[in-house]
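Take a look at the letters that make up each chain.
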Amino acid sequence: MLKGKNIVVGVSGGIAAYKAVDIVSRLRKQGAEVYVIMTSSATNFVTPTTFREISANPVVTDMWDEPKNWNVEHIALATKADLFLIAPATANIIGKVANGIADDMLSTTIMATKAPVIFAPAMNSNMYLNPIVQSNIKSLTAIGYTFMDPDVGMLACGVEGPGRLPEPSAIVERVVSMFVRSNDLCGKKILITAGGTIEPIDPVRYIGNRSSGKMGYALAKAALSRGAQVTLISGPTSLQPPTGIDVRYIETAAEMQNAVLEEFNDSDIIIKAAAVADYRPQEVAVQKIKKTGESITLTLVKNPDILYELGKIKKERQLLVGFAAETQDLIENAMSKMTRKNLDMIVANDVTMPGAGFNSNTNIVKLIFKDGRIEEIPKMSKDAIASIILENILKLG
Ligand code: CTP
């Protein structure tokens, strides 16, 4: 898959640095030529010799080293690289690149390259969630750098939360997907919905759900990188959409339906990853509801089932894909949704499983097709699942 590709792996200093050894090994098995640049703190975790042996190339650890016989100069790797992978990426290297600081070989080379750069962050969860780090990630994402979401779990420091380096297999898949992009969706218009809708109760309250929007945004990113023209219709979320896609923000199911119907005819592929509220308050109070009574009753009325409506007007040339978030009888429920809503494929997930569902960076899904075929996708990052979903949609076309 990666034959003839030059990949520079930047290893910065974190406990997950040892996993980069496995990543380099897997990249080589896929046929890539791999060059490793280590920050000086990374050398406290793994020795350059390990990376030299596993990559079969000299390892760069300091920009003031004498050039080696294979021409490691300041800029040589920046020019040679087809892709940069920074794994693990610490808050430090992310902060440096986001702020234009180039004071060692890794930061300098990243700054000098025109190749795509993927960051796979790994750090303590509080650091990862720190607004400074998040803002650096946002600003780098906005100018075209790619970030993988860290896995959630128990970290080496004993804290539980997001911050674990994604599995080496998922990282390598992401690298491969950057090359597979090959524009196989070029010329296709894709409409994706993401996030949850919210339904107002009064001017300050609403009914909502736990959808984070991560799956829909991952699909939008993956479709964009494969050359599609992407429209994303998004409920409220904290996520930053990648530049290059057309985003329309909505709040309620009715607003989502209007936006979707406006875009539907022009779309070749429609993926409804959004968690649409099935009901909304019958009446929205004009003023804030006061707590005068011991209890209050809200009457909810049914929202339109947008996907069902789309299934009715779908044209032969269009592919319609839905999601089914279930807590029981996964396959039966998903299959009946697929038939009822006239879908070409449904992505089913049991949201009660650890590592699957709404607010997770990973998911565990089954792809179910019209002909009854089922493909089981084990737990992996939502980015990796997005690629697999798109590949399967392409096969349907
Ligand atoms: N969907 C939709 N409009 C709705 C409800 C759901 O377009 N009002 C779409 C979702 O975007 C998703 C699919 O239908 O792609 C399935 O959503 P889900 O909430 O799992 O199922 P429901 O059809 O709402 O059925 P139920 O809540 O009874 O499981």
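Residues numbered from 1 in each chain as written. Predicted model: local features only at pLDDT ≥ 70, side-chain atom pairs only at ≥ 80, totals over all residues. Heavy atoms only, no water.

Asker: Sorry if this is basic, but what is going on with the domain arrangement of the protein chain here?
Answerer: Many descriptions give the size of an interface as the accessible area lost when the pieces come together. Along its sequence, the protein chain is carved into domain 1 (6–180) and domain 2 (189–396). Centre-to-centre, using C-alpha coordinates, domain 1 lies 33 Å away from domain 2. Between domain 1 and domain 2, the contact holds 14 residues from the first and 14 residues from the second. Summed over both sides, the interface of domain 1 with domain 2 buries roughly 1,200 Å², with 50% coming from carbon and sulfur. There are 1 salt bridge connecting domain 1 and domain 2. (Domains from an automatic or database assignment. Contact = heavy atoms within 4.5 Å. Buried area = accessible area lost by both parts, 1.4 Å probe. Salt bridge = Lys/Arg side-chain N within 4 Å of Asp/Glu carboxyl O.)

Asker: Teacher, can you tell me more about the packing of helix H1 (residues 17–29) against helix H2 (residues 48–55) here?
Answerer: Each packed pair of helices is defined by two parameters, the angle between the axes and the distance between the axes. Axis separation between H1 and H2 bottoms out at 9 Å; the angle between their running directions is 15°. Considering their axes alone, H1 and H2 lie roughly parallel with respect to each other. Crossing of H1 against H2: the hand is right-handed. Facing Ala 17, Ala 20, Val 21, Val 24, Ser 25 and Arg 28 of H1, the residues of H2 in contact are Thr 50, Phe 51, Ile 54 and Ser 55. Across the contact of H1 with H2, the residue classes break down as 6 nonpolar, 3 polar and 1 charged. (Axes fitted to C-alpha atoms, helices over the stretch in contact; angles between N-to-C directions. Helix = DSSP H or I, 4+ residues; strand = E, 2+ residues; numbered from the N terminus. Parallel < 35°, antiparallel > 145°, perpendicular 65-115°, else oblique. Left-handed = near helix turned anticlockwise from the far one by under 90°. Nonpolar A, V, L, I, M, F, W, Y, C, P; charged D, E, K, R; others polar.)

Asker: Explanation requested: the pattern of salt bridges in the structure shown.
Answerer: When the charged atoms of two side chains lie near each other, side chains of opposite charge can form a pair. Going through the model one piece at a time under the given rule, you end up with 19 salt bridges. A salt bridge links Asp 344 to Lys 314, with the shortest nitrogen-to-oxygen separation between them at 2.8 Å. Of this pair, Asp 344 sits in the loop between helix H12 (330–340) and strand E17 (345–350) while Lys 314 sits in the loop between helix H11 (306–313) and strand E16 (319–326), and the two are 30 residues apart along the sequence. Look at Asp 344 and you get buried, because its relative accessible area is 8%. (Buried < 20%, exposed > 50% of the residue type's maximum accessible area, 1.4 Å probe, protein only.)

Asker: Would you mind showing me how to read the pairing of strand E9 (residues 199–202) here?
Answerer: Here is the key point about a regular strand: its side chains alternate between the two faces of the sheet. The sheet contact formed by E9 and strand E10 (residues 205–207) spans 3 bridges and is antiparallel. Residue pairing in the sheet places Asp 202 in a bridge with Arg 205 of E10. In this antiparallel pair of consecutive strands, E9 and E10, the connection spans 2 residues. (Pairing = 2+ DSSP bridges.)

Asker: Before we go on, may I ask you to explain the environment of Ile 233 in this structure?
Answerer: Mapped onto the elements of the fold, Ile 233 is located in strand E11 (residues 229–234). Overall, the relative accessible area of 0% leaves Ile 233 in the buried class. Counting along the chain gives 183 residues from Ile 233 to Thr 50, while the straight-line C-alpha distance between them is 47 Å. If we ignore the near neighbours within four places in the chain, the residues touching Ile 233 are Leu 191, Ile 192, Thr 193, Ala 194, Arg 248, Ile 250, Met 256, Ala 259, Val 260 and Glu 263.

Asker: Looking at this structure, how should I read the pairing of strand E7 (residues 160–164)?
Answerer: In this sheet, E7 lies alongside strand E6 (residues 151–154) in antiparallel orientation, the contact comprising 4 bridges. Paired with Asp 151 across the bridge in E7 is Arg 164. What sits between E6 and E7 in their antiparallel hairpin is a turn of 5 residues, with Gly 158 showing a positive phi close to 90°.

Asker: Just to check I follow, could you spell out helix H4 (residues 91–98) for this structure?
Answerer: Residue pairs three or four apart in sequence face the same way in an α-helix, which turns once every 3.6 residues. For H4, the tally of buried residues reaches 6 of 8 residues, placing the bulk of the element in the interior. Turning to H4, the residues buried within the fold contact strand E3 (83–89), helix H5 (105–112), strand E4 (117–121), helix H6 (125–129), helix H7 (131–142) and strand E5 (146–147). Among the residues trailing H4, Gly 100 stands out with phi positive, at a value near 75°.

Asker: In this structure, what is going on with the site of the ligand? I would like to understand it.
Answerer: As a matter of local geometry, the ligand sits amid 14 residues, with Lys 272, Ala 274, Phe 323, Lys 337 and Lys 341 nearest to it. One nitrogen or oxygen atom from the side chain of Asp 278 is found 3.0 Å from an oxygen atom belonging to the ligand. Lys 337 places a side-chain nitrogen or oxygen 2.8 Å from an oxygen atom of the ligand. If the ligand stood free it would expose 570 Å²; the protein chains cover 79% of that surface. Breaking the shell around the ligand down by element, the ones donating at least two residues are H11 and E16. A total of 4 residues in the shell around the ligand trace back to one element, the largest contributor, which is E16. (Near = heavy atom within 4 Å. Polar contact = N/O pair within 3.5 Å; in protein donor to acceptor, adjacent residues only side chain to side chain. Areas by Shrake-Rupley, 256 points an atom, 1.4 Å probe, with all protein chains shown as cover.)

Asker: So what exactly am I meant to see when it comes to the sheet that holds E16 here?
Answerer: Hydrogen bonds between backbone groups are what pair the strands of a sheet, and the pairing can be parallel or antiparallel. In space, the 8 strands of this open sheet follow the order E12-E11-E8-E13-E16-E17-E18-E19, with mixed pairing throughout. Looking at which strands have only one partner, the edges of the open sheet turn out to be strand E12 (246–249) and strand E19 (374–381). Each neighbouring strand pair of the sheet contributes to a mean axis angle of 15°, computed without reference to strand direction. Across 6 bridges, strand E8 (residues 189–194) lies against E11 in parallel orientation. Among the inter-strand pairings, Leu 191 is bridged to a residue of E11, identified as Thr 231. Most of the contacts of helix H10 (residues 253–264) go to E8, to which it runs at about 170°, and overall it touches E8, E11, E12 and strand E13 (269–272). Lying on the sheet, helix H13 (residues 382–396) is in contact with E13, E16, E17, strand E18 (362–369) and E19; it crosses E19 at an angle near 155°.

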